[in-house]
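Summary of the model geometry
Take a look at the letters that make up each chain.
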Amino acid sequence: MTGFPWLTLLVVLPLAGALAVFAVNERSIKVTALAVAVADLLISLPLWWLFDASSGEMQFVESARWIPSLSINYRLGLDGISLPLVLMTTVLMPLCILISWHSIEIRMQSFMAMLLIMESAMIGVFTALDFVLFYVFWEAMLIPMYLLIGIWGGPNRLYAAIKFLLYTLAGSVLLLVAILVLYFQGGQTFDILQLSQGTYSHSLQFWLFLAFFAAFAVKVPMFPFHTWLPDAHVEAPTAGSVILASVLLKMGTYGFLRFSLPMLPDASQAFTPVMVALSIVAIIYGAYMALAQSDLKKLIAYSSVSHMGFVTLGLFMFNIQGIEGAVMQMVNHGITTGGLFLCVGMIYERTHSRQIADNIGLTKPMPRYATFLVIFSLSSLGLPGTNSFVGEFMILVGAFLWSKIATAFALLGIILAAAYLLWMVQRVAFGVPDPHMLPKLRDVNLREMITVVPLVVLIFVIGIFPNPILTRMHPSVEKVIARVFPPAAEHASVMPRMTPFTPSVERITSQTGPTFSQETQTASEGRP
Amino acid sequence: MMPFSSADLFLILPELLIVTAACIVFVLDPVLRTSNKDGLVWLSLGTLAVCMGLTASQIQAPATIFSGLVVIDAYGAFWKLLLYFVTGLTILLSHSYLKEERLYFGEYYGFVLLSLVGMMVMVSSSDLLTLYLGTELMSLSLYVMAGLKRSEPRSLEASAKYFVLGAFSSGILLYGISLLYGATGSTRLPEIAAAISGRNLDDPLLLFATILLTVGFGFKLAVVPFHMWTPDVYQGAPTSVTAFMAVAAKAASFGAFLRVFIEGLGGLKANWSAMFLILCLATLILGNVLALVQTNVKRMLAYSSIAHAGYALIGVVATGHMGNSSGIASVLLYLSLYAFMTFGAFAIVAMLRKGGIEGDNIEDFTGLAKRHPVAALLMLIFMVSLAGIPPTAGFIGKLYVFMSAVEAGLPWLAAVALIFAVISAYYYLRLVMVMYMREPSDLSSTSPRMVMSPSLSIVLACAVAGVVIFGIYPNPLVNFAIQAVSALK
């Protein structure tokens, strides 16, 4: 399929922008960077409508020879799973640039260049169809992120930056070995689609799964490998935190979905109990840790661990609800947590503290700010009518089909999420302010409004009409499931739990659709 | 007297031209006035450019000359082109560096050229004695160059240490050659190979000869446990010489070493590949771990160059293990890409001044990003590339080496090597951290200063272009490496 090289343009434009910010004069750096990010967003938007929702195949595919002597090609493509993630990235980037407008004081050029290089690499990761190309993009974002944390970060930034780098690098080098092993086992090709069709022996799948796991679990981050996340989040500048939470973590779950499941279906099934256990531990442990935090960024960081636990839980259910819920939740977490980090960034600019104790009772001085904070928090805890409810609900339905006990444990996470988020909101928004500690704070200005309003809109749009996203990903997700459970084996012994109950997505959404809108109304009426 | 024709002489014209240029440099140096000595630099560079053209034309026409003592083929041409390039960069770097260090020795360029001839003989010899001559010519020139900073004890120490250990290793190499001659009755690689193919491979004489050759080459390649001289010599020698040793001498030694072990001792693959596996692991582990604790950049880069020899050895082990030629091709690719990033890094160290003297401590890089953003950015690129992070040349080199290891059924070796690559990222990025994330103190005398000059700019531009362009589009170089290896018998 040849056509307009949409994806190459999407990847190359920010890279060109990164060079451009060095060419323009001091005053127009920010404007240039913003223009590039907005242009990238505008290029990505038509894809949403041009995308053929009835097909699970890769679309907008571009292919060129890159290093023929090592059979490495330049191949990009989009399917229903990567499309929402790419759009999420392009939507978030202009916001990241806007939020850094005044908060970055040194080396503005390099900062903007780093952000744009990150954008390039992130879009590349979600669209790459060649394994080496994927790995190049995957690794290429390490250095910009390292510099973002290390140069523009908080007081303990050196430690956080090197910890982030070493953790993720250690995970991904094993991925490289796995890629090379797959190359020789899968017919000397790095083509992701072709490798996803191959069959590999059980023992090989076992080892490859572990290697993939090392890379993706660190990135997600799953429970025992999560310790870099709170450090990195706390020290990173706001834009860095947003990118980390919203996009980088998704690359881990995207990796599981794009590679582990279709390429290693047997091992994925064999490892399901482990993955489910780790997910549930992450859900509950992350939530408990969030309860104990006094630092806003740390609180959100641990809530990310908990929320990403839901995503990995959904992925390893191997049913349509679980996986579609997981992809939904990847997007939702990106929007909601991105929004929360933007909120923290705004308050940090004003009070220079991220401690909850220093930011009590903001409703009085900053009513608009408090409204946004409440909306993002409610979305994060999965209030019906907001986006996260759709994702978490679908994941839990998927999990329910697999194991009721696991679902019960996962539900604990939702209760705890309500606890830590509402408690935080209670203090930060509605607490009794110490008159000495809160000098006159100016409320959210127009630039900051522009930064958060798109996310608020998305929260409700997705919360009320999730169907456009679901229909686009449906064929692609079915394709992944067909790899794990080949259609011929549908009635084999591995499936009994699922065969009697396979409601289609349409049924779920049509059942719950009306309820969403009603509850949204009540929710928005009840909001202060 | 061995018969040879004038055609033979024409085929070694590059070597002859460079020797001639070296002699002219030696003769003219005392005659010329100081202000005219730049002419020697241009003469050397011009000779290299001519030789580059001559060697490039020899790629397609393999020939064995001087009754089988020397062979002209694509394999030799690959190394020679790399060596011309590195030598050219060395001369350009030295042009600025020697001025800054107030070392006015015209002979310097002569020794660089003579050393280059030695290297060229090494990579194109198909006879062990020719090879030995080349090795000695290279080493003797390097001994002199290492001690060029006569006023500095460290430089003299480096020279003496290098000389003693180098002479020792040459002796071992020669001993290995003589034993091999005893076992096979020849010093020519094809005849040695033929003699080995009909022999019992467990012959202790053969094995002992192989071990001695390995030790001899091990010193030149600076693989663990024969690496002891490297950090001291690299630190003490003038930095331009260090760069030359770390890149050109290593490349030439690898070139000769691979030809001997593939063309001559290919029949003993099963024996030597096990030995190299151990050397390779030891080199990877010790090189990377010891680099972690260095506070001097030159020492750190010395250990890093040891570690990189370990990565290159993976390709050798892979070929020895399964006989696939991609292992050797990956070594060629690796070392040529390594040349760009290592040379670039040394060039920056050479020109970084701190209070008038060379700033070669890691701390001396503090705040370089503020004062010289371009130099810091270039160093960042070299460090990232040395750590093997894409999209840089270092990644492509590692990718190909690990591909050959996995192809040979050694995925665990690739995994171990990659884990040590993560460790290496720590010390490479520590330099980045110092440059970018530490604030320089206010005292202007303690903050680093880069001495920029046109010739240095050319060097850095070439190095960074290689790192970036081959990191994104390595295809031509990969193809050339594969073509070069196919010329090995």
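**With respect to the overall build of chain A**
Across its full length, chain A holds 21 helices and 2 strands. The C-alpha radius of gyration computed for chain A amounts to 22 Å, which stays within 12% of the reference 24 Å derived for 528 residues, consistent with globular compactness. With the principal axes as the frame, chain A shows a C-alpha extent of 70 × 55 × 40 Å. Put simply, chain A has 528 residues, and 59% of those count as buried.

**Concerning the overall build of chain B**
Helices and strands together make up the secondary structure of chain B, namely 20 helices and 5 strands. Its C-alpha atoms give chain B a radius of gyration of 22 Å, within 12% of the compact-globule value 23 Å for 489 residues. If you line up chain B on its principal axes, its C-alpha atoms span 75 × 55 × 40 Å. A total of 489 residues make up chain B; the buried ones form 61% of that total. Of all intrachain contacts in chain B linking residues separated by at least 6 positions in sequence, the fraction that spans at least 24 positions is 79%.

**Points about the nonpolar core**
Ranked by size, the top nonpolar core spans 399 residues in total, and within it Val177(A) and Ala347(B) carry the most contacts. Looking at this core element by element, the count peaks at 20 residues for helix α14 (residues 326-351) of chain B. If sequence neighbours within four positions are ignored, Ala347(B) has contacts with Leu93(B), Ala243(B), Leu456(B), Val459(B), Leu460(B) and Ala463(B). Formed by 6 residues, the second largest nonpolar core is a distinct cluster that contains Ile12(B), Leu69(B), Val70(B) and Val71(B).

**Describing the interface of chain B and chain A**
On the side of chain A, 27 residues touch chain B, which itself brings 27 residues to the contact. Breaking the side of chain B that touches chain A down by element, the ones donating at least two residues are α17 (393-407), α18 (411-437) and α20 (475-486) of chain B. Across the side of chain B that touches chain A, the residue classes tally to 24 nonpolar, 2 polar and 1 charged.

**Looking at helix α10 (residues 228-235) of chain A**
Residues and elements named next belong to chain A. Most of α10 is tucked away, with 8 of its 8 residues classed as buried. For α10, the complete set of buried residues consists of Trp-228, Leu-229, Pro-230, Asp-231, Ala-232, His-233, Val-234 and Glu-235. Those residues of α10 hidden inside the fold are in contact with α6 (142-152), α7 (157-185), α11 (238-263) and α14 (296-315).

**Quick look at the pairing of strand β2 (residues 72-78) of chain A**
With 5 of 7 residues buried, β2(A) lies mostly within the body of the structure. Where strand β1 (residues 59-67) of chain A hands over to β2(A), the hairpin turn is made up of 4 residues, of which Ser71(A) adopts a positive phi near 45 degrees.

**Focus on the packing of helix α5 (residues 107-124) of chain B against helix α6 (residues 128-146) of chain B**
All names here are of chain B. Look at α5 against α6: their axes get within 7 Å of each other, and the N-to-C directions meet at 155 degrees. Relative to α6, the element α5 is oriented roughly antiparallel. Where α5 crosses over α6, the handedness of that crossing is left-handed. Residues Tyr-108, Phe-111, Leu-114, Ser-115, Val-117, Gly-118, Met-119, Val-121 and Met-122 of α5 pack against Thr-130, Leu-131, Leu-133, Gly-134, Thr-135, Leu-137, Met-138, Ser-141, Leu-142, Val-144 and Met-145 of α6.

**Description of the packing of helix α4 (residues 74-101) of chain B against helix α19 (residues 454-472) of chain B**
All names here are of chain B. The interhelical angle for the contact between α4 and α19, taken along N-to-C directions, is 145 degrees, at an axis separation of 8 Å. Relative to α19, α4 is oriented so that their crossing is left-handed. In this structure, α4 contributes Leu-89, Leu-92, Leu-93, His-95 and Ser-96 to the contact, and α19 contributes Ser-455, Leu-456, Ile-458, Val-459 and Cys-462. Of the residues contributing to the contact of α4 with α19, the split by class is 7 nonpolar, 3 polar and no charged.

**Re the environment of Leu129(B)**
Residue position: Leu129(B) is located in helix α6. In this structure the C-alpha to C-alpha distance between Leu129(B) and Leu174(B), which are 45 residues apart in sequence, comes to 8.5 Å.

**Focus: the confidence of the model for chain A**
Residue and element names in this part refer to chain A. On average, residues of chain A carry a pLDDT of 85, and 91% of them reach 70 or more. Across chain A, element-level confidence peaks in helix α5 (residues 131-140) with a mean pLDDT of 93 and bottoms out in helix α21 (residues 505-526) with 41. Considering only residues more than four positions removed or in separate chains, one finds that residues 489-528, a stretch of pLDDT under 50, has 35 contacts.

**Considerations on α18(B)**
All names here are of chain B. Its 27 residues give α18 an end-to-end C-alpha distance of 37 Å, which sits within 8% of 39 Å, the value for a rise of 1.5 Å per residue. Taking the largest bend as the criterion, α18 deviates by roughly 25 degrees, centred on Leu-429. Across the 27 residues that make up α18, a large majority, 21, are buried.

**With respect to the confidence of the model for chain B**
Looking at chain B, the pLDDT average stands at 89 and 97% of residues meet or exceed 70. Here the prediction assigns the complex a pTM of 0.91, and the interface score ipTM is 0.92.

**Here we look at the pairing of β1(A)**
Looking at chain direction, β1(A) and β2(A) are connected through 6 bridges and run antiparallel. Bridging across to β2(A), Ala64(A) finds its partner in Tyr74(A).

**A few points about the environment of Val459(B)**
Residue and element names in this part refer to chain B. Take Val-459: it is sitting in helix α19. What makes Val-459 buried here is the crowd of 30 C-beta atoms within 10 Å. Considering only alpha carbons, one finds Val-459 and Ile-348, 111 residues apart in sequence, at a separation of 9.8 Å. In this structure Val-459 touches Leu-89, Leu-92, Leu-93 and Ala-347, once residues within four positions along its chain are discounted.

**Thoughts on the environment of Arg199(B)**
Residues and elements named next belong to chain B. Mapped onto the secondary structure, Arg-199 falls in the loop between α8 (189-197) and α9 (204-221). Here Arg-199 falls in the partly exposed class, since 14 other C-beta atoms lie within 10 Å of it. C-alpha separation for the pair Arg-199 and Gly-216, spaced 17 residues apart in sequence, amounts to 24 Å.

**Regarding unusual backbone geometry**
Here the amide bond leading from Val220(A) into Pro221(A) is cis, since omega sits at -15 degrees, within 30 degrees of zero. Topologically, Pro221(A) is positioned in the loop between α9 (202-219) and α10. Of note, the amide linkage connecting Pro390(B) to Pro391(B) takes the cis form, showing an omega dihedral of 0 degrees. With respect to the secondary-structure elements, Pro391(B) resides in the loop between α16 (373-387) and α17.

Definitions and limits used
- Residues numbered from 1 in each chain as written.
- Chains lettered and ligands numbered in written order.
- Predicted model: local features only at pLDDT ≥ 70, side-chain atom pairs only at ≥ 80, totals over all residues.
- Helix = DSSP H or I, 4+ residues; strand = E, 2+ residues; numbered from the N terminus.
- Rg over C-alpha atoms; globule rule 2.2 N^0.38 Å.
- Buried ≥ 20, exposed ≤ 12 C-beta atoms within 10 Å, placed from the backbone.
- Contact = placed C-beta atoms within 7 Å.
- Core = buried A, V, L, I, M, F, W, Y, C linked by C-beta atoms within 7 Å.
- Nonpolar A, V, L, I, M, F, W, Y, C, P; charged D, E, K, R; others polar.
- Pairing = 2+ DSSP bridges.
- Axes fitted to C-alpha atoms, helices over the stretch in contact; angles between N-to-C directions.
- Parallel < 35°, antiparallel > 145°, perpendicular 65-115°, else oblique.
- Left-handed = near helix turned anticlockwise from the far one by under 90°.
- pLDDT = per-residue confidence, 0-100.
- Expected span 1.5 Å × (residues − 1).
- Bend = angle between axes of the 7 residues up to and from the residue.

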